[in-house]
Amino acid sequence: MSLSRLLGTASFRLAATYLVMFSASVALLGAVVYFSVGYEIVRQLDDRLIEETAKLTSYFKKNGLTRLAEHISARKAAGSFLDYRLEDGGGRVRAGGLPAANTADGKYHPGWTTTLIRTEYPDDEPDLNREHELVTTLDDGSILVIGDELDGVEEAQRAVLFAFGWALAATIVVGAGGGLLLSAAFLRRIDAMTSTARDIIAGDLSRRIPLAKGDADLARLAGAFNRMLDRISALLDANKHVSSAIAHDLRKPLARVLRRLEAARCEPANLAEYEKAVDAALNDINGILDTFGALLRIGQIESGARRAGFRDVDLATIALEVAETFQPAAADEGKTLTFELGAKLPMVGDRELLTQLTANLIDNSIRHTPPGSRIEVRSTKNGDGGRLIVADNGPGVQISERDRIFERFYRIDSARATPGDGLGLSLVAAIAGLHDAKVFALDNEPGLKIVVDLPGAP
Amino acid sequence: MRVLIVEDDAETFVYLRAQLEAVGHAVAGAPNGRDGLLIAAEPGFDVIVLDRMLPELDGVSLVSKLRRAGIQTPVLFLTNLAGVDDRVEGLAAGGDDYLVKPFAFAEFLARLIALARRPPLGEQKSVLAFADLEMDLIKRTVSRGGEEIDLQPREFRLLEYLLRNEGRIVTRKMLLENVWDFHFDPKTNIVETHISRLRAKIGRGRGGELIHTLRGLGYSLRVAL
């Protein structure tokens, strides 16, 4: 799993996009905090300078310049962290430690100013600090300067930058790393699927995609993929089975024809015997042709092309006609065919095929039950859809074989002696499939019950 | 009867012609749809046999051109496919019957004769009669020698079909298709069963047998020889 493949995965690109967007929002938030912290601290500082100036101005008005100078010195001594400078009208410094004005004319001018001052602490390196100052001219012409260092603001802003810088870095590291991990996991799953697919292409149809826990989307996809593979391999198996069944089932009658014709050819016989041999051969060949015809018909039905001719029909009415037609024939074979088709089974379908579906089911019951059996054709409601049931009390079908009886050429052991091509129920299944109906075999206790469940109203 | 066979497969054509001529019918042929259309337009054919797939002009187009030109000669379609869509399409275009290859010659001949002798369209009889058997299609009654016979609806339909084809051979398949609308061959002997019940009702004890079984071919309604 190379890095370039990782970086190229859809999940990584998604993660990267989120990462860029998230980083940008962290940076934006940082900038907002940075500037608002600066603005807010400066505003508070300015408020303090204005307040102090107002206090000292009123103190000057009450007590005069000399007392003000003493007052300022006292405040500084009391630990005020503000810086002061009081100059009288003649320019002499009366109090405070702020240096002379750093202006062109060397004088303070009333109003706000920001200036660079040098601070020297005894136990520290000399430092340059920016200072915000409010300059006021008192009534007697003396000048009061109150200032505060701006390094608090800068420190706060540096702290903000630092915090957000780390946050951004962590975001990028976690985001990119997480993206890579996710992509790697994703890629591993995809690689598993790809290698499964390759194995299947190479011929190993038993392979299935391993289902990882969690990861609902991919697990669903893998599940669907596996079910598709099950279906394909079932179809392939059926196909293999059909091919060998065709070969097997057609060899027998062909061998019989061969034997009959050879015998007729070799043994001296009269015309009647020749005719008999030819008739028997024709009969066998017709059987083979019927089998091919049925196979072609199943194939044609399964191709789904017939849906174009679907009309509104009632399966119960169709079944009634078929049952009435078969009733005397069943009676001739010593079986009782009854029907109860009062419940309508409206559906969209092909009348001719549904006729054949019903006929094949009844045919099947008549052929695979002993004389004296009862066969019942019923229509019932089944939720939204309808249900057609053809049931008998004959020998039934083992549970293990009940699904298989719908396979082409499948014949249960007990039925091998009965004539039949093993395609009747396959045709039923194909016709049911074409109509989105489900057909299945149940135990009729005793006997076989075939149920055709029609799809409910859409 | 005079038969036109439009068939591009020479082997099939030669075989059908030989068989038809052997039983005394005259056969003309065309190897493709275009020639087939030209010949079919000539008068005097009793029935036309049309392969469904033909070079130059396919069978369905050919028959619809014929019908548009007002030529009503009965048409029997031959096809390789057992598809219902094919049959419906062929009949809708103006074909009269349909046979899937491969078929037995007897089946083919029975259908040709049934088509060729079919009464022209528009001639609607309300009473079908044969020997002393009489069927009233409007009152839905059947009598033999003046004595009324009670028939089930399917038996009625079966007898009606036999009456309409009196004297001709009708095959099992023809009966399945025309009486029951079954376009497949059930394993159960429903035709035999219904024929024998019908026979029991109209035949025995009422004079001669009318419905005759022709082994391997089918049935025929005729007076016993």
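Reading the values: the criteria
- Residues numbered from 1 in each chain as written.
- Chains lettered and ligands numbered in written order.
- Predicted model: local features only at pLDDT ≥ 70, side-chain atom pairs only at ≥ 80, totals over all residues.
- Helix = DSSP H or I, 4+ residues; strand = E, 2+ residues; numbered from the N terminus.
- Buried ≥ 20, exposed ≤ 12 C-beta atoms within 10 Å, placed from the backbone.
- Contact = placed C-beta atoms within 7 Å.
- Pairing = 2+ DSSP bridges.
- Axes fitted to C-alpha atoms, helices over the stretch in contact; angles between N-to-C directions.
- Nonpolar A, V, L, I, M, F, W, Y, C, P; charged D, E, K, R; others polar.
- Parallel < 35°, antiparallel > 145°, perpendicular 65-115°, else oblique.
- Left-handed = near helix turned anticlockwise from the far one by under 90°.
- Expected span 1.5 Å × (residues − 1).
- Arc of directions from axis to C-beta.
- Core = buried A, V, L, I, M, F, W, Y, C linked by C-beta atoms within 7 Å.
- pLDDT = per-residue confidence, 0-100.

Peer 1: How should the overall build of chain B be read in this particular structure?
Peer 2: Each helix and strand counted, chain B has 8 helices and 12 strands in total. By residue count, 35% of the 225 residues in chain B fall in the buried class. Contacts in chain B between residues at least 24 apart in sequence constitute 58% of all its contacts with a sequence separation of at least 6.

Peer 1: It is not clear to me how the sheet that holds strand E12 (residues 218-221) of chain B should be interpreted in this structure. Could you clarify?
Peer 2: Sheets are built from strands paired through backbone hydrogen bonds, the pairs being either parallel or antiparallel. All names here are of chain B. Within the open sheet, the 3 strands sit side by side as E10-E12-E11. Their pairing is antiparallel. Strands with a single pairing partner mark the edges of an open sheet, and in this sheet they are strand E10 (169-170) and strand E11 (211-214). Both E10 and E12 contribute to a ladder of 2 bridges, which runs antiparallel. For Val 170, the partnering residue across the bridge sits in E12 and is Tyr 219. Packing against the sheet, helix H6 (residues 153-164) makes contact with E10, E11 and E12, and its axis sits at approximately 70° to E12.

Peer 1: Please clarify how the interface of chain A and chain B should be interpreted in this entry.
Peer 2: Interface extent is often summarised as the accessible area lost during association of the parts. Contacts between the two partners involve 23 residues from chain A, matched on the other side by 21 residues from chain B. When residues of the side of chain A that touches chain B are traced back to their parent elements, those giving at least two are helix H5 (271-302), helix H6 (315-332) and helix H7 (351-367) of chain A. Looking at the side of chain A that touches chain B residue by residue, the class counts come to 7 nonpolar, 7 polar and 9 charged.

Peer 1: Would you take a moment to explain the packing of H5(A) against helix H8 (residues 424-434) of chain A for this structure?
Peer 2: Pairs of packed helices are described in terms of their axes, by the angle between the two and the distance that separates them. Residue and element names in this part refer to chain A. Running from amino to carboxyl end, H5 crosses H8 at an angle of 15°, the nearest separation of the two axes being 9 Å. Classified by the angle between their axes, H5 and H8 sit roughly parallel to one another. Of the two possible hands of crossing, H5 and H8 adopt the one that is left-handed. In this structure, H5 uses Ala 294, Arg 297, Ile 298, Ile 301 and Glu 302 to contact H8, whose residues at the interface are Ser 426, Leu 427, Ala 430, Ile 431, Gly 433 and Leu 434. Per-class residue counts for the contact of H5 with H8 are 7 nonpolar, 2 polar and 2 charged.

Peer 1: Help me understand H6(B) in this model?
Peer 2: Since the α-helix packs 3.6 residues into each turn, any two residues three or four apart lie on the same face. All names here are of chain B. Between its first and last C-alpha, H6 extends 16 Å over 12 residues, near the 16 Å set by a 1.5 Å rise per residue. Among the residues of H6, those classed as buried are Glu 155, Leu 158, Leu 159, Leu 162 and Leu 163. Each buried residue of H6 lies within a common arc of 135° when the element is viewed along its axis, so the set occupies one face.

Peer 1: Would you mind showing me how to read the nonpolar core here?
Peer 2: Soluble, globular proteins show a tendency: their nonpolar side chains are buried together. Counting 100 residues, the largest nonpolar core has A:Ile362, A:Ile431 and B:Val49 as its most contacted members. Core analysis: the second largest hydrophobic core is formed by 14 residues, A:Leu68, A:Leu86, A:Ala95 and A:Leu144 among them.

Peer 1: Would you take a moment to explain the environment of B:Asp185 for this structure?
Peer 2: All names here are of chain B. Following the sequence through the fold, Asp 185 ends up in the loop between helix H7 (172-179) and helix H8 (190-202). Residue classification places Asp 185 among the partly exposed positions, given that 14 C-beta atoms sit within 10 Å. C-alpha separation for the pair Asp 185 and Arg 172, spaced 13 residues apart in sequence, amounts to 8.9 Å.

Peer 1: Can you walk me through the environment of A:Val20 in this structure?
Peer 2: Relative to the elements of secondary structure, A:Val20 occurs in helix H2 (residues 10-77). Sequence-wise, A:Val20 and A:Thr171 are 151 residues apart; in three dimensions their C-alpha atoms are separated by 9.7 Å.

Peer 1: How do you make sense of unusual backbone geometry when you look at a structure like this?
Peer 2: Most peptide bonds take the trans configuration, and most residues that are not glycine carry a negative phi. For the bond running from A:Glu445 to A:Pro446, omega is -5°, close enough to zero to count as cis. In this model, A:Asp436 sits at a positive phi of 55°, which is unusual for a non-glycine residue. Structurally, the position occupied by A:Asp436 is in the loop between H8 and strand E11 (438-443). Residue A:Asp436 is classed as partly exposed on the basis of its 15 C-beta neighbours within 10 Å. Its identity is not glycine, yet B:Glu56 carries a phi of approximately 75°, on the positive side. Among the secondary structure elements, B:Glu56 is positioned in the loop between strand E3 (47-51) and helix H3 (59-68). By C-beta crowding, B:Glu56 is classed as partly exposed, having 14 other C-beta atoms within 10 Å.

Peer 1: What is the right way to look at the pairing of strand E6 (residues 127-130) of chain B in this model?
Peer 2: Residues and elements named next belong to chain B. Pairing analysis gives 4 bridges linking E6 to strand E7 (residues 133-136), with the strands arranged antiparallel. Across the sheet, residue Leu 128 finds its bridge partner in E7, namely Met 135. Counted along the chain from E6 to the antiparallel partner E7, the turn is 2 residues long, and its residue Ala 131 has a positive phi close to 50°.

Peer 1: What is the right way to read the environment of B:Ala92 from this model?
Peer 2: Within the secondary structure, B:Ala92 is located in helix H4 (residues 84-92). In this structure the C-alpha to C-alpha distance between B:Ala92 and B:Ser64, which are 28 residues apart in sequence, comes to 8.9 Å.

Peer 1: Help me out: how do you make sense of the packing of helix H4 (residues 216-266) of chain A against H5(A) in this one?
Peer 2: Residue and element names in this part refer to chain A. Here H4 crosses H5 at 165°, and the two axes come no closer than 9 Å. Considering the angle they form, H4 stands roughly antiparallel to H5. As H4 packs across H5, the resulting crossing turns out to be left-handed. Listed contacts from H5 to Asp 249, Leu 250, Pro 253, Leu 254, Arg 256, Val 257, Arg 260, Leu 261, Ala 263 and Ala 264 of H4 are Tyr 274, Ala 277, Ala 280, Ala 281, Asp 284, Ile 285, Gly 287, Ile 288 and Thr 291. Classifying every residue of the contact of H4 with H5 by side-chain character gives 13 nonpolar, 2 polar and 4 charged.

Peer 1: Would you explain the sheet that holds E6(B) in this entry?
Peer 2: Residues and elements named next belong to chain B. The 4 strands lie next to each other as E6-E7-E8-E9, forming an open sheet whose pairing is antiparallel. Edge positions in the sheet fall to E6 and strand E9 (147-149), since each of these pairs with one other strand and no more. The average undirected angle you get between the axes of adjacent strands in this sheet is 25°. Where strand E8 (residues 141-144) and E9 come together, 3 bridges link them in antiparallel fashion.

Peer 1: It is not clear to me how the confidence of the model for chain A should be interpreted in this structure. Could you clarify?
Peer 2: Reading fine detail from the predicted coordinates is not recommended where pLDDT is low. Across chain A, pLDDT averages 84, with 96% of residues at or above 70. Of all secondary-structure elements in chain A, the lowest mean pLDDT belongs to helix H1 (residues 3-8) of chain A, at 75, while strand E7 (residues 336-340) of chain A reaches the highest, 94.

Peer 1: Hey, could you run me through the pairing of strand E5 (residues 143-149) of chain A in this one?
Peer 2: Sheet faces and side chains relate simply in a regular strand, where the side chains alternate between the two faces. All names here are of chain A. Buried residues dominate E5, accounting for 6 of its 7 residues. The pairing of strand E1 (residues 83-87) with E5 spans 5 bridges and is antiparallel. Across the sheet, residue Leu 86 finds its bridge partner in E5, namely Leu 144. The pairing of strand E4 (residues 127-137) with E5 spans 7 bridges and is classified as antiparallel. Residue pairing in the sheet places His 132 in a bridge with Asp 148 of E5.

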